[in-house]
Amino acid sequence: MPDRFDFQLLSAGLRRMGWIRFWIQVVLGVVVLGVLLFTAVGGSLARNAERAVGLGPGISLTTLAFFVLLYSLWHGWLIVRTGRALNSEAKPTRGETSRLIKRGLIADLLGLVLAAVGYQALVGPLFIQASMQTQGVAVIGRGTADNLPITSLEILSVLSNTQVLFAHLIGLILSLWLLQRVYRTS
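Everything in this summary refers to the structure shown in the same document. All values reported here derive from a predicted model rather than from experimental measurement.

Once that is clear, we can look at the overall build of the chain. Helix and strand counts for the chain come out as 5 helices and 0 strands. If you list the helices and strands of the chain from N to C, you get α-α-α-α-α. Summing over all exposed atoms, the chain offers an accessible surface of approximately 10500 Å²; the carbon and sulfur share of this is 70%.

Here it is, written out as structure tokens:
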């Protein structure tokens, strides 16, 4: 039977890692949201918005991964609350705590899969576009319809995907550490 000191250590660990996970994912989520909004507004204002048709599925998958990140943020907050509850009289069981952490782990895995597939969907068309460019296209001028340079908005869409991928990776690593901590025996 674990003593009071073990519960205090577990409570402190859950709270600390829950807050670290929560705030890292909040910061990265705000960056992703800002970049996605900038890409949406800037893409609609761009003159050649119809040429970025290949980026649509990647941006959609990045947006889905962002919504999964919001769910993961909620789980980070629930982990902090569970850490607080472990230090009170109404202690959640080890099973309840591990189920909570496992749900967050599954959410982060799903977010990683969506972001990884979205990354491939973003980088593939950009690679094809880059390989079709001739040298000096940026110096010569506008180019032909088949020879358009890669814009900063296209690079920003890859950046937003990378940020959401990193946020889910941080959540996954911290969830695995928390799960190991819950099942550690003294």
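This paragraph deals with the packing of helix H3 (residues 94-131) against helix H5 (residues 152-183). Here H3 crosses H5 at 155°, and the two axes come no closer than 8 Å. It follows from the interaxial angle that H3 and H5 lie roughly antiparallel. Judged by the twist between their axes, the crossing of H3 over H5 is left-handed. Taken together, the residues that form the contact of H3 with H5 break down as 21 nonpolar, 12 polar and 4 charged.

Turning next to a nonpolar patch on the surface. There is a patch of nonpolar side chains on the surface, built from Leu 64, Phe 67 and Leu 70 and spanning about 280 Å² of accessible area. In this structure Leu 64 comes out as partly exposed when scored by relative accessible area, which is 44%.

On to the nonpolar core, then. Generally speaking, a soluble globular protein has its nonpolar side chains buried in company with each other. Counting 14 residues, the largest nonpolar core has Leu 10, Leu 14, Ile 79, Leu 86, Ile 101 and Leu 178 as its most contacted members. When contributions to this core are tallied by element, the ones reaching two or more residues are helix H1 (4-45), helix H2 (56-86), H3 and H5. No other element matches the 5 residues that H5 contributes to this core. If near-sequence neighbours (up to four positions away) are discounted, Ile 101 is found in contact with Leu 14, Ile 79, Ser 175, Leu 178, Leu 179 and Val 182. Within the second largest apolar cluster, 13 residues are counted, among which are Leu 28, Leu 36, Leu 69 and Val 164.

Moving on: the side chain of His 75. Mapping His 75 onto the fold places it in helix H2. With residues up to four places along the chain from it excluded, the contact list for His 75 reads Arg 21, Leu 100, Arg 103 and Gly 104.

The rules behind the values
- Residues numbered from 1 in each chain as written.
- Predicted model: local features only at pLDDT ≥ 70, side-chain atom pairs only at ≥ 80, totals over all residues.
- Heavy atoms only, no water.
- Helix = DSSP H or I, 4+ residues; strand = E, 2+ residues; numbered from the N terminus.
- Areas by Shrake-Rupley, 256 points an atom, 1.4 Å probe, with all protein chains shown as cover.
- Axes fitted to C-alpha atoms, helices over the stretch in contact; angles between N-to-C directions.
- Parallel < 35°, antiparallel > 145°, perpendicular 65-115°, else oblique.
- Left-handed = near helix turned anticlockwise from the far one by under 90°.
- Nonpolar A, V, L, I, M, F, W, Y, C, P; charged D, E, K, R; others polar.
- Patch = residues over 30% accessible without salt bridge, like charges linked within 9 Å, V, L, I, M, F, W, Y side chains within 5 Å.
- Salt bridge = Lys/Arg side-chain N within 4 Å of Asp/Glu carboxyl O.
- Buried < 20%, exposed > 50% of the residue type's maximum accessible area, 1.4 Å probe, protein only.
- Core = buried A, V, L, I, M, F, W, Y, C linked by side-chain atoms within 4.5 Å.
- Contact = heavy atoms within 4.5 Å.

Interpretation note: all reported values are geometric properties and have no functional meaning in isolation.
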